[in-house]
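Architecture at a glance
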2 protein chains.
Amino acid sequence: MAIRAHKSLQGVLWLPCLLILLLFITFTCASPPRRPTLGVLGGYNNPKNNVHNPSLTASDSKKDYQTFYFDQPIDHFNYQPVSYTTFRERYIVNFKHWRGAKAAAPIFAYLGEESSLDDDVGLINFMPENCRRFGALELYIEHRFYGQSIPTGFTREEALKNATIRGYFSSAQAIADYAEVIISLKKNLSAESSPVIVVGGSYGGMLATWFRLKYPHIAMAAFASSAPILYFEDLVPHNSYPVVVTKDFQEASWSCYETIKQSWSEIDRVANKSNGLSELSKKFKLCKPLKDASDLKNYLNSLYSSSAQYDRPPNYPVTVVCRGIDGGANGTDILGRIFSGVVSYYRENKECYDLGDFWSTETLSGWDWQTCSELVIPIGNGPNETMFPASPFVYKEYRDYCVNKFGVEPRPTWITTNYGGHHIKMVLKRFGSNILLSNGLRDPYSSGGILENISDSILAVYTKEGSHCLDIVPAASANDPKWLIAQRKKEVRIMRRWFNMYYDDLRKFG
Amino acid sequence: MAIRAHKSLQGVLWLPCLLILLLFITFTCASPPRRPTLGVLGGYNNPKNNVHNPSLTASDSKKDYQTFYFDQPIDHFNYQPVSYTTFRERYIVNFKHWRGAKAAAPIFAYLGEESSLDDDVGLINFMPENCRRFGALELYIEHRFYGQSIPTGFTREEALKNATIRGYFSSAQAIADYAEVIISLKKNLSAESSPVIVVGGSYGGMLATWFRLKYPHIAMAAFASSAPILYFEDLVPHNSYPVVVTKDFQEASWSCYETIKQSWSEIDRVANKSNGLSELSKKFKLCKPLKDASDLKNYLNSLYSSSAQYDRPPNYPVTVVCRGIDGGANGTDILGRIFSGVVSYYRENKECYDLGDFWSTETLSGWDWQTCSELVIPIGNGPNETMFPASPFVYKEYRDYCVNKFGVEPRPTWITTNYGGHHIKMVLKRFGSNILLSNGLRDPYSSGGILENISDSILAVYTKEGSHCLDIVPAASANDPKWLIAQRKKEVRIMRRWFNMYYDDLRKFG
């Protein structure tokens with residue numbers, strides 16, 4: 001597909017690609033409350049209105065979580081002398097709820113995604129809640145190249161800059177890491193008979209699904225929240241993500257949607273005036289003067305996408321943003337209304353707004369590599385397909401960006417070669433078992449998820465009203481909407497069935 | 001375990017390990033008739049009495065087999081610049097029987113084992129016979145580092161000597177190679193809807209089993225003949241292999257078994273005399289003077305093991321060897337009778353006998369690396385457990401040999417970590433499908449195979465009288481024993497059921 005519309009972008013052909021890379025790329029479930037910036041990562045965790053409410057302060061205190069390190073070989077699949085180099089992989093265990101090895105009590109193993117484990121422990125409330133419920137061991141394993149699990153002798157930045165070292169940064173290696181840690185921990189605890197459920201959200205949910213498919217002898221089941229395992233190649237239309245964002249805004253307020261849709265050409269119109277960029281900087285109270293209109297458009301795109309992805313109760317950021325836009329407290333012209341939406345999103349009138357918010361985390365730099373090597377998630381859209389400016393996914397540009405940045409070509413077909421995806425219903429109908437794939441349809445990534453039961457144990461559980469990782473992140477609360485309570489009950493029932501079946505088998509096969 | 005008995009070996013502690021490494025290690029299904037030496041590999045294919053009877057000369061002529069090459073990345077799992085280096089992987093296709101892409105006609109993909117494809121095409125009669133039967137495409141893919149599928153710019157010897165290059169020589173890489181070739185070929189033929197059955201024997205059968213478990217989206221079923229997928233770690237007793245060899249000889253002739261059992265100390269006794277080695281050289285008509293009694297013992301061990309492993313109709317080498325031993329045409333003393341067994345095995349009175357027969361093939365050098373890296377198959381036995389001299393599996397010695405030879409440690413637990421094995425019945429009862437595991441109980445490797453149905457589609461088919469790969473190597477013949485005919489019929493029924501189910505699904509999911 002050629003680049004159409006957006007004349008202002010035509011001079012920098014890499015931008016549509018960058019836009020894709022940097023806006024939609026990462027999709028962890030949560031970011032820690034101590035980093036109160038919004039972001040594609042963090043969701044709607046404005047400190048004034050923290051929906052995370054981590055359970056650490058409730059029944060599990062920080063001291064219940066013990067940190068360990070596992071000497072992990074850098075390369076599981078080759079036998080070069082250097083393959084045996086080890087790095088310290090962090091894992092964190094809470095023994096408090098565990099009924100122990102003798103009872104063959106379960107293990108919930110949370111598979112780290114594209115961030116530090118510090119962003120998970122105490123924040124993925126699914127874990128302590130269900131470990132308490134099932135008397136289970138609570139285990140978190142960090143993904144290589146994130147957090148503290150960095151190749152020995154390197155800082156994270158150095159490791160990512162080193163073409164040889166970062167070459168080991170792949171999903172297959174990460175999954176093999178998890179396998180080694182789980183086997184070793186079970187052995188150390190004499191808990192070989194304990195059933196393991198691997199748990200993950202978003203990319204971590206993909207890892208959990210793939211782990212169950214590749215290592216069924218290590219995990220007897222997988223719980224994958226918001227895992228878009230079909231958002232590869234042409235398995236779903238490229239515009240699925242922005243189409244859902246658009247639908248979310250349309251449903252919240254049609255006039256809000258119309259305003260956003262009109263705003264892009266208005267930004268271009270102003271930007272093309274003499275002093276236009278300066279006018280935009282003032283209008284949006286930017287901390288630093290705008291250098292290119294596309295920076296502002298990227299920023300707004302991220303804000304809308306993030307609002308939709310994390311459109312969570314009780315505040316529903318899409319509604320919040322649209323209330324701002326429709327209210328137009330900063331003027332009734334298009335850009336004034338858009339800016340009102342931004343202010344409304346933050347729920348505070350900041351002194352100034354920083355477009356760089358999205359760009360500076362370890363997650364983004366790691367994810368940049370992962371998407372440039374194997375996780376080629378083709379998000380894009382043509383003109384008038386969504387409320388966003390046209391930005392088709394053009395593989396050549398994507399590839400050029402990656403080759404330019406990292407010196408290697410992406411392998412866009414490796415994910416489906418290694419993990420499958422094509423004809424998934426037919427393949428998994430008669431192969432595999434015990435995978436629970438949950439989604440919320442307001443999450444734009446749900447468009448790449450599994451929304452239909454595939455067999456009687458590969459199950460899809462979704463809610464129309466839910467969003468990204470909603471079932472696993474916030475703590476259960478009496479104020480939760482009914483549909484969320486019902487979803488979680490259903491998930492618990494499924495897990496309970498798996499455990500019962502496992503213990504039946506264990507008695508038979510002992 | 002300490003080394004016991006065999007004082008003569010105690011000075012060379014690496015020998016028991018070497019004995020294991022070099023005697024039992026490789027176990028391909030067949031060797032080509034143009035290489036008429038006996039061997040652990042080749043089985044009983046003395047040209048005077050060729051049991052292979054390749055079908056090439058029957059209905060498929062050599063010209064029906066077309067050779068292709070696929071540019072395969074050297075490293076599927078990492079993204080280092082060097083990972084993208086490609087080598088030419090050979091695959092061979094026979095289109096003659098294929099009913100075509102439009103009919104979604106099947107593909108039988110034979111996964112190469114530790115040898116050149118030249119050892120397979122035209123010799124694995126299962127392939128043309130069943131491709132004809134099912135109107136299927138006949139595909140053979142060569143295992144990396146064997147035959148013509150060597151890293152570019154290296155000879156096979158150079159590739160194996162280069163610690164970095166041979167590091168890419170692993171089962172996971174080989175299986176990923178097969179995945180890429182099958183996907184690419186199906187795409188090129190527009191045969192995406194054609195069901196694929198992967199087929200393999202021995203190590204190739206392990207690969208087929210593992211392929212179905214890891215890539216169910218690429219192969220809808222696996223047919224694994226004589227795959228000892230449980231001969232790792234302590235999943236089966238270390239002495240399982242020599243125990244079956246012993247049983248085979250006992251059943252053929254108790255006195256033969258007794259003679260063999262007594263012969264080892266007799267060899268030692270003679271060897272310890274002055275001029276004893278020269279006496280042994282004469283007695284066994286060796287082409288080169290014997291340097292160490294252990295060379296003779298290794299040789300005899302290989303001969304007995306090979307006889308048992310390939311104890312095939314119509315001649316049954318165990319019976320042949322025992323007829324020689326019991327007949328004692330070369331003297332009635334123990335060693336004279338043993339030598340009569342050797343002569344009987346070859347069915348000819350050679351001018352002299354070469355102990356080096358076992359040591360010089362490409363298979364052995366490749367397998368030496370594979371067993372020193374990941375395929376740690378712990379074969380050994382204690383005193384008086386078998387008809388062989390005590391030679392317990394001592395991991396430390398095994399490891400020392402490997403470290404000394406290749407500079408890297410084996411990873412003895414990686415196979416079960418990556419592919420499973422522990423509690424296999426419980427794990428695969430509810431996971432996976434469509435794997436047929438066939439065995440013949442006279443094959444000592446059957447002791448590491450699956451001999452019970454695991455689920456209604458992970459099935460064990462075995463015969464008491466059968467041997468290594470017997471169901472897939474020799475061409476079907478009217479003279480076949482009834483039990484072999486029955487086994488093959490059963491296997492065809494199972495495959496037909498899989499195809500029917502697949503086409504049913506295809507109609508539904510289309």
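Keep in mind it's a predicted model, so treat the numbers as computed, not measured. (Residues numbered from 1 in each chain as written. Chains lettered and ligands numbered in written order. Predicted model: local features only at pLDDT ≥ 70, side-chain atom pairs only at ≥ 80, totals over all residues. Heavy atoms only, no water.)

1. With respect to the interface of chain B and chain A
We count it as follows: Residue contacts are defined here by distance: any two heavy atoms, one from each residue, within 4.5 Å place the two residues in contact. Buried area, as used here, totals the accessible surface that two parts lose on assembly, with accessibility defined by a 1.4 Å probe and the loss added over both. In what follows, salt bridge is the name for a side-chain nitrogen of Lys or Arg lying within 4 Å of a carboxyl oxygen of Asp or Glu. Counting of polar contacts relies on pairs of N or O atoms within 3.5 Å, with two restrictions inside protein: one atom must be capable of donating a hydrogen and the other of accepting it, and residues adjacent in sequence are counted only when both atoms are side-chain atoms. Each residue is assigned to one class: nonpolar for Ala, Val, Leu, Ile, Met, Phe, Trp, Tyr, Cys and Pro, charged for Asp, Glu, Lys and Arg, and polar for all the others, Gly among them.
At the junction of the two partners, chain B supplies 54 residues and chain A supplies 54 residues. Taking both partners together, chain B and chain A bury about 5000 Å²; carbon and sulfur atoms supply 60% of that area. If you sort the residues of chain B by the area they bury against chain A, Y79(B), R411(B) and M426(B) come out on top, with a joint share of 17%. Put simply, chain B and chain A have 4 salt bridges between them. Of the charged contacts in the structure, one is a salt bridge between D505(A) and K429(B), with a shortest N-O distance of 3.3 Å. Applying the counting rule to chain B against chain A returns 39 residue pairs in polar contact (both at pLDDT 80 or more). The residue inventory of the side of chain B that touches chain A, partitioned by class, reads 26 nonpolar, 16 polar and 12 charged.

2. Points about the packing of aromatic side chains
Keep this limit in mind: Pairing of aromatic rings covers Phe, Tyr and Trp, the last through its six-membered ring, and needs centres within 6.5 Å; plane angles under 30 degrees mean stacked, over 60 mean edge-to-face, and all others mean tilted. By the criteria applied, helices consist of DSSP H or I runs no shorter than four residues and strands consist of E runs no shorter than two, each listed in order from the N terminus. Only protein chains enter the accessibility calculation, which uses a 1.4 Å probe; a residue is then buried when its area is under 20% of its type maximum, exposed when over 50%, and partly exposed in between.
Inspection of every chain in the model, using the stated rule, returns 62 aromatic pairs over all chains. Measuring from centroid to centroid gives 6.1 Å for F108(A) and F134(A), while their planes differ by 25°, and the two rings are stacked. Taken together, the residues span a long stretch of sequence, with F108(A) in strand β3 (residues 107–111) and F134(A) in helix α2 (residues 126–134) at a distance of 26 residues. For the pair F108(A) and F134(A), one class covers both residues: buried. Relative to F77(B), the ring of W414(A) lies with its centre 5.7 Å away and its plane at 85°, an arrangement referred to as edge-to-face. You can see W414(A) sitting in helix α15 (residues 414–419) and its partner F77(B) sitting in the loop between β1 (65–73) and β2 (86–94), one on each of two chains. The same class applies to W414(A) as to F77(B), namely buried. These aromatic residues form a ring-pair network of at least three members: F108(A), F126(A), F134(A), F223(A) and F499(A).

3. Digging into the sheet that holds strand β4 (residues 137–141) of chain A
Residue and element names in this part refer to chain A. The criterion, for reference: Pairing between strands is defined by DSSP: at least two bridges between them are needed. Note on geometry: axes are C-alpha line fits, over the in-contact stretch for helices, and angles between N-to-C directions span 0 to 180 degrees.
Spatially, β1-β2-β4-β3-β5-β6-β7-β8 is the arrangement adopted by the 8 strands of the open sheet, whose pairing is mixed. Every interior strand has two partners, whereas the edge strands, β1 (65–73) and β8 (458–463), have only one. Pairs of neighbouring strands in the sheet enclose a mean axial angle of 20°, with direction left out of account. Here strand β5 (residues 196–201) runs beside strand β6 (residues 221–225); their pairing, made up of 5 bridges, is parallel. Across the sheet, the residue bridging to V198 is A222, located in β6. Sheet strands in contact with α2 are β1, β3, β4, β5 and β6, and its direction is about 150° off that of β4. Across the face of the sheet, helix α6 (residues 203–214) comes into contact with β3, β5, β6 and β7 (435–440) while running at roughly 150° to β5.

4. Things to note about the confidence of the model for chain A
Residue and element names in this part refer to chain A. Stated formally: The predictor's confidence in any single residue is recorded as pLDDT, a number from 0 to 100.
Counting all residues, the mean pLDDT for chain A is 89, and 88% of those residues have values of 70 or more. Note that residues 1–26 has pLDDT below 50 and, in this model, 67 contacts with residues that lie over four places away or in other chains. Across residues 31–58, where pLDDT falls below 50, the model places 86 contacts with residues more than four positions away in sequence or in other chains. For this predicted complex, the interface score ipTM comes out at 0.91, alongside a pTM of 0.91.

5. Overview of the environment of A390(B)
With respect to the element layout, A390(B) can be found in the loop between α14 (362–373) and α15 (395–406). With relative accessibility at 10%, the residue A390(B) sits in the buried group.

6. Observations concerning the pattern of salt bridges
Between side chains of opposite charge, a pair can form when the charged atoms approach closely. Counted by the stated rule, this structure contains 42 salt bridges over all chains. Linking K425(A) and E452(A) is a salt bridge whose minimum nitrogen-to-oxygen distance equals 3.1 Å. Highlighted residues: K425(A) in helix α16 (residues 424–429) and E452(A) in the loop between β7 and β8, separated in sequence by 27 residues. By relative accessible area, K425(A) is classed as partly exposed at 33%. Here R430(B) ties to D505(A) by a salt bridge, and the two come within 2.7 Å at their closest N and O atoms. In this pair, R430(B) is assigned in the loop between α17 (424–429) and β7 (435–440) and D505(A) in helix α17 (residues 482–509), connecting two distinct chains. Look at the salt bridges and you will find they share partners, linking K396(A), R399(A), D400(A) and E409(A) into a network.

7. Some remarks on a positive patch on the surface
This is how the line gets drawn: What makes a patch is a set of residues exposed beyond 30% relative accessible area and free of salt bridges, joined within 9 Å when like-charged and within 5 Å when nonpolar (Val, Leu, Ile, Met, Phe, Trp, Tyr). Surface exposure here means Shrake-Rupley accessible area, sampled with a 1.4 Å probe, where a residue is shielded only by the protein chains that are shown. Counted as positive: Lys and Arg. Counted as negative: Asp and Glu. His and the chain ends are not counted at all. For this purpose, a charge sits on NZ of Lys, CZ of Arg, CG of Asp or CD of Glu.
A grouping of K489(A), K490(A), R493(A) and R497(A) is seen on the molecular surface, where their side chains present a positively charged patch. Within the secondary structure layout, K489(A) lies in helix α17.

8. Re the state of the cysteines
All names here are of chain A. Stated precisely, the cut-off is as follows: By disulfide we mean two sulfur atoms from cysteines, separated by a distance within 2.5 Å.
Tallying each qualifying case throughout the model produces 6 disulfides over all chains. Two residues share a disulfide in this structure: C256 and C322, whose sulfurs sit 2.1 Å from each other. Judged by the sign of its S-S torsion, about -70°, the bond between C256 and C322 is left-handed. In this pair, C256 sits in helix α8 (residues 254–271) while C322 sits in helix α11 (residues 317–327), placing the two residues 66 residues apart along the sequence.

9. Thoughts on the relation of the copies chain B and chain A
Worth spelling out the cut-off: Residues below a pLDDT of 70 in either copy are left out; the C-alpha atoms of the rest, at least 70 in both, set the least-squares superposition of the copies.
Rotating chain B by 180° and moving it 0.0 Å along the rotation axis overlays it on chain A with an RMSD of 0.0 Å. Those values place the two copies in the arrangement expected of a two-fold rotation axis. In terms of C-alpha distance to the rotation axis, chain B has G432(B) as its closest residue, with the C-alpha 2.5 Å off the axis. Most of the interface of chain B is mirrored in chain A, where 100% of its interface residues again form contacts.

10. A closer look at the sheet that holds strand β6 (residues 221–225) of chain B
All names here are of chain B. Within the open sheet, the 8 strands sit side by side as β1-β2-β4-β3-β5-β6-β7-β8. Their pairing is mixed. On the outer flanks of this sheet lie β1 and β8 (458–463), each paired with one strand and no other. Strand-to-strand twist in this sheet, taken as the mean axis angle between neighbours without regard to direction, amounts to 20°.

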